[in-house]
Amino acid sequence: MNPFRSPDTDLPLSHALILKAALLTIGYIEENGPIGLTPTKALKRYFVAWAAEAFDWPGYTVEYLYAVNKVLNEHDFPPLVILHEVLLSAKLARHFKGTLRLTDLARKLRSEPARLWMLLTTHLLFVVDHSPYTRSDEPLFGNWDIFLNVINIEAQVAVTEERLCSVLYGGEEEDIRHRDFKLTASLYVHVLRPLCWAGLLNEHRTGTGLNRRDFYTKTPLWTAALRLETDRHLRPVTRH
């Protein structure tokens, strides 16, 4: 399955957090040299501290990160953990002699953001294993062909995790909301969070605590970048 349109045209990439972070990291290495690695091959603290401020990642602001950590290690900043894995998987960076170094491909694609975004997103969605970031040993049933085509319909206006779980796996939305936390959390980590980080979905949070609800809508990048079977069933959105 290749859901992407050609990257040869301009894409509205402003929502693509993974692209912004990758470009900042590439620029950092070009300006400052390779990034040091710890003995466990994590990025060293000096770069984690820099990235936390430079990325300005929604939900992982500097204020939030330092509110729960005295110092920042890579595992304290989940978007950086995933970015590190994506850069290696996409062969945009490599480990060499205790450092993270750029490849020629990264240097080439730095000036081609649409192609760089497509490579990053392909690995973020279809290659990287997100299972270690869930609290469940149970796999999420389904595949990206199903997930993307269902979300294409359901998020035409706005959709919740519970609604998507109901459509994908059956059951009442209220029952899923109050009882099936593992399923909604797994769908979030495997599907919704990567789509948000790729810039294809927007996440909207309302309420707090047990009253919090998360809604997802498609960004302009979704329509510009994806070509899906369910496109023919979409109706124009009426805006007032």
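Residues numbered from 1 in each chain as written. Predicted model: local features only at pLDDT ≥ 70, side-chain atom pairs only at ≥ 80, totals over all residues. Heavy atoms only, no water.

## So, the packing of aromatic side chains
Consideration 1: Tallying each qualifying case throughout the model produces 13 aromatic pairs.
Consideration 2: With 5.1 Å between their ring centres and 80 degrees between their planes, Trp57 and Trp197 make a pair best called edge-to-face. Taken together, the residues Trp57 in the loop between α2 (45–55) and α3 (62–68) and Trp197 in helix α10 (residues 181–198) connect sequence positions 140 residues apart.
Consideration 3: Exposure remark for Trp57: the relative accessible area of 1% places this residue in the buried category.
Consideration 4: Given a relative accessible area of 7%, Trp197 falls into the buried group.
Consideration 5: Where Phe126 meets Trp144, the ring centres are 5.8 Å apart and the plane angle is 75 degrees; that geometry is what we call edge-to-face. (Phe/Tyr/Trp six-rings, centres within 6.5 Å; stacked < 30°, edge-to-face > 60°. Helix = DSSP H or I, 4+ residues; strand = E, 2+ residues; numbered from the N terminus. Buried < 20%, exposed > 50% of the residue type's maximum accessible area, 1.4 Å probe, protein only.)

## Overview of the environment of Ile146
Consideration 1: One can find Ile146 in helix α7 (residues 144–154).
Consideration 2: Sequence-wise, Ile146 and Leu168 are 22 residues apart; in three dimensions their C-alpha atoms are separated by 8.5 Å.

## Examining the packing of α7 against α10
Consideration 1: At a closest axis distance of 11 Å, the pairing of α7 and α10 adopts a crossing angle of 60 degrees. Classed by the angle they form, the pair α7 and α10 counts as oblique. Every pair of crossing elements has a handedness; the one defined by α7 and α10 is right-handed. Residue-level contacts link Trp144, Phe147, Leu148 and Ile151 of α7 to His190, Val191, Leu192 and Leu195 of α10. (Axes fitted to C-alpha atoms, helices over the stretch in contact; angles between N-to-C directions. Parallel < 35°, antiparallel > 145°, perpendicular 65-115°, else oblique. Left-handed = near helix turned anticlockwise from the far one by under 90°. Contact = heavy atoms within 4.5 Å.)

## Some thoughts on the pairing of strand β6 (residues 213–218)
Consideration 1: Note that strand β4 (residues 159–160) and β6 share 2 bridges and pair antiparallel. Opposite Thr160, over in β6, you have Phe215 as the bridge partner. (Pairing = 2+ DSSP bridges.)

## Focus: the sheet that holds strand β2 (residues 93–96)
Consideration 1: Spatial strand order, β1-β3-β2: 3 strands in an open sheet with antiparallel pairing. Pairing within the sheet leaves two strands with one partner each, and these edge strands are β1 (35–36) and β2.
Consideration 2: The pairing of β2 with strand β3 (residues 99–102) spans 4 bridges and is antiparallel. From the neighbouring strand, Ala93 faces β3, where its bridge partner is Leu102.
Consideration 3: Taken strand by strand, helix α4 (residues 78–89) contacts β2 and β3, and its axis lies near 95 degrees from that of β2.

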